[in-house]
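Take a look at the letters that make up each chain.
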Amino acid sequence: MKKFAILATLLYLVSSTAVFATVSSASLGGFYSYEQITQKFNAGTFQDTREGTTIGLALRGSTFFKHTGKFGLRYDVRAGKMLNLSVDGQEVDSLGTIGMDLGVGVAYQQPVTYVSYIEAGLGVRATGGLLDYTQGGADMVDNHAFLGLSAFVDYNHALLNKLVLNVGANAKMPLVGYVKAGTKNNPTEGTVSVSGIEISPYIGVSYVF
């Protein structure tokens, strides 16, 4: 819980400084992600490893402190649906999912040419998901909320005066969370320690204002 409190405080502090920024962009795009996550209940009663792919939409923004400044903030929200899932190496059936996550972090911007630039940074990310599936003839559930670290790098190329094409990737590394997982009629519930990573290529279009 101490890790969770520290990460939540960082999320609040970074997001609250956005009011001081002056140059912004907003982007809408799509992502495809691969994840391999191991969650272990702190009580030691349950552990599993989840592997799968997701497709979804992302809305994100960047805000820089000066018009020509290199440092600013990145914030984004994503919603996705899992395409496939295996748990402890076994492919599941009848997969139904709803997943969302929210991230905020510090961004660094570096021009490449007069019409393109690279943007990269680090931050914190909150992730939530509701998973229902069938495995070995049993109805299973995995409802989770994670908090962890994230990183990103994008290549941005100006299309028009205020429109920019974005191509990049995000990585998120959950650390702690709260999970309800196992058989649907008798799940295990509680705080968990999490390890693993999700990699998400991304493409979108930004409007600069």
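This report concerns the structure included in the present document. (Residues numbered from 1 in each chain as written. Predicted model: local features only at pLDDT ≥ 70, side-chain atom pairs only at ≥ 80, totals over all residues. Heavy atoms only, no water.)

As for a nonpolar patch on the surface
The condition is simple: Excluding any residue in a salt bridge, patches collect residues exceeding 30% relative accessible area, merging like charges within 9 Å and nonpolar Val, Leu, Ile, Met, Phe, Trp and Tyr side chains within 5 Å. Note on areas: Shrake-Rupley, 1.4 Å probe, and residue coverage restricted to the protein chains presented here. The salt bridge criterion pairs a side-chain nitrogen of Lys or Arg with a carboxyl oxygen of Asp or Glu, the two atoms within 4 Å. In this description a helix means any DSSP run of H or I spanning at least four residues, a strand means any run of E spanning at least two, and both kinds are numbered starting from the N terminus. Only protein chains enter the calculation, and the probe is 1.4 Å; a residue is then buried if its accessible area is under 20% of its type maximum, exposed if over 50%, and partly exposed in between.
A cluster of nonpolar side chains, L159, L160, L163, V205, Y207 and F209, forms an exposed patch at the surface whose accessible area comes to about 580 Å². Inspection of the secondary structure puts V205 in strand β9 (residues 188–208). Given the relative accessible area of 37%, V205 is considered partly exposed.

A few points about the pairing of strand β7 (residues 138–158)
As a reminder of what qualifies: Criterion used throughout: strands pair if DSSP finds at least two bridges between them.
Direction of pairing for strand β6 (residues 116–135) relative to β7: antiparallel, over a ladder of 20 bridges. Looking at β7, one finds that L131 is bridged to D142. Hairpin connection of β6 to β7: 2 residues between the antiparallel strands, including G136 at a positive phi of 60 degrees. Where β7 meets strand β8 (residues 163–183), 19 bridges bridge the pair, whose relative direction is antiparallel.

Focus: the pattern of salt bridges
Evaluated as defined, the whole model comprises 12 salt bridges. A salt bridge links D101 to R125; the nearest nitrogen and oxygen atoms lie 2.4 Å apart. Of this pair, D101 sits in strand β5 (residues 93–113) while R125 sits in strand β6, and the two are 24 residues apart along the sequence. An identical accessibility class is assigned to D101 and R125; each is buried. D132 is the salt-bridge partner of K184, the closest N and O atoms lying 3.6 Å from each other. Placement of the pair is K184 in the loop between β8 and β9 and D132 in strand β6, with a sequence separation of 52 residues. With a relative accessible area of 29%, D132 lands in the partly exposed category. Each of D76, R78, D101, R125, K172 and E198 takes part in one network of salt bridges that share partners.

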